[in-house]
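The chain contents come next:
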Amino acid sequence: MTTSHPIRRAALGAATACAVVLLAACGGKDSGTHGATGDHGAPAASTTAAGAHNAQDVAFAQGMIPHHQQAVEMARLASGRSASAQVKALAARVEKAQGPEIRTMTGWLKSWGEEAPMAGMDHSRHGGMTGMSGMMSADDMTALENSTGAAFDRKFLTLMTAHHQGAVEMATTEKDKGRDARATRMADDVITAQSAEIKEMKGLLAAR
């Protein structure tokens, strides 16, 4: 019994030595690849930082830019056509809020290497964009441009309410599925601000 202990110890020592050699060999083979795949801490963090946005963030910015551009176009019509000081004030707020957001989202797309919609494009083409987006058709825009006074105010409030509802839907999708923190924060701002304006516009319509 006592003579077997040295043999077992020698066998165990040999097995341990082989295991050490094998582990060292595996480590040497993988040392050049783990950094690229993100198996170690630092490279993984870099990969996460580089992929801080997803396809939904891109779709949100590319869809919301022309959506905002059309709202700004509609709002600019109010100063020379509206008969209501309240409608003019609302239109001015829309233009003031959405113009800077267009510039911000355009900057995001450029930083992501994505194409930004061009200003002055034919927004009527986007009527089916992102589901129920609320975009106005070319006929809607022409009818609004040709209206004045109380008729303009009713049409503006009706069309802008639908437009805002579409924006809220788009922003809700971004909040649910987006990844970029800046984009989801803007989506939250859109929901808050435009939901309040929808309520305001419905009240103005009801009073007419």
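Thresholds, definitions, all that
- Residues numbered from 1 in each chain as written.
- Predicted model: local features only at pLDDT ≥ 70, side-chain atom pairs only at ≥ 80, totals over all residues.
- Heavy atoms only, no water.
- Helix = DSSP H or I, 4+ residues; strand = E, 2+ residues; numbered from the N terminus.
- Buried < 20%, exposed > 50% of the residue type's maximum accessible area, 1.4 Å probe, protein only.
- Contact = heavy atoms within 4.5 Å.
- Areas by Shrake-Rupley, 256 points an atom, 1.4 Å probe, with all protein chains shown as cover.
- Core = buried A, V, L, I, M, F, W, Y, C linked by side-chain atoms within 4.5 Å.
- Phe/Tyr/Trp six-rings, centres within 6.5 Å; stacked < 30°, edge-to-face > 60°.
- Expected span 1.5 Å × (residues − 1).
- Polar contact = N/O pair within 3.5 Å; in protein donor to acceptor, adjacent residues only side chain to side chain.
- pLDDT = per-residue confidence, 0-100.

1. What to know about the overall build of the chain
Of regular secondary structure, the chain possesses eight helices and zero strands. The linear arrangement of helices and strands in the chain, starting from the amino end, is α-α-α-α-α-α-α-α. Residue burial in the chain is summarised as follows: out of 208 residues, 35% are buried. In the chain, once contacts between residues fewer than 6 apart in sequence are set aside, the share between residues at least 24 apart is 78%. Split by element, the accessible area of the chain, about 11,500 Å² in all, is 59% carbon and sulfur.

2. Some remarks on the nonpolar core
Of all hydrophobic cores here, the largest spans 22 residues; its most connected members are F60, M64, M105, W108, L109, A171 and V190. For this core, the elements supplying multiple residues, two or more each, are α4 (55-81), α5 (85-111), α7 (149-177) and α8 (181-206). Other than its neighbours up to four places away in sequence, V190 contacts M64, E101, A167, A171 and S195. One finds M74, A78, A91 and M160 within the second-largest nonpolar core, a separate group that totals 19 residues.

3. Considerations on the packing of aromatic side chains
Overall, the coordinates contain two aromatic pairs when judged by the stated rule. Arranged with centres 5.7 Å apart and planes meeting at 20°, the rings of F152 and F156 form a pair that is stacked. Taken together, the residues span about one helical turn, with F152 and F156 both in helix α7 at a distance of four residues. There is no split in this pair, since F152 and F156 are both buried.

4. Details of α4
Over its 27 residues, α4 extends 40 Å from the first C-alpha to the last, a length consistent with the 39 Å expected when each residue adds 1.5 Å. The element α4 is extensively covered by neighbouring structure, given that 19 of its 27 residues are classed as buried. In this structure N54 caps α4, since a side-chain oxygen of it lies 3.2 Å from the backbone nitrogen of Q56.

5. Looking at the confidence of the model for the chain
Predicted confidence across the chain gives a mean pLDDT of 80, with 69% of residues reaching 70 or more. Put simply, helix α2 (residues 34-37) is where the chain has its lowest mean pLDDT, 37, and α8 is where it has its highest, 98. Note on residues 1-50: pLDDT is under 50 here. Beyond four places in sequence and across chains, it has seven contacts. Predicted confidence for residues 122-132 stays below pLDDT 50, and this span has 22 contacts to residues more than four positions away or in other chains.

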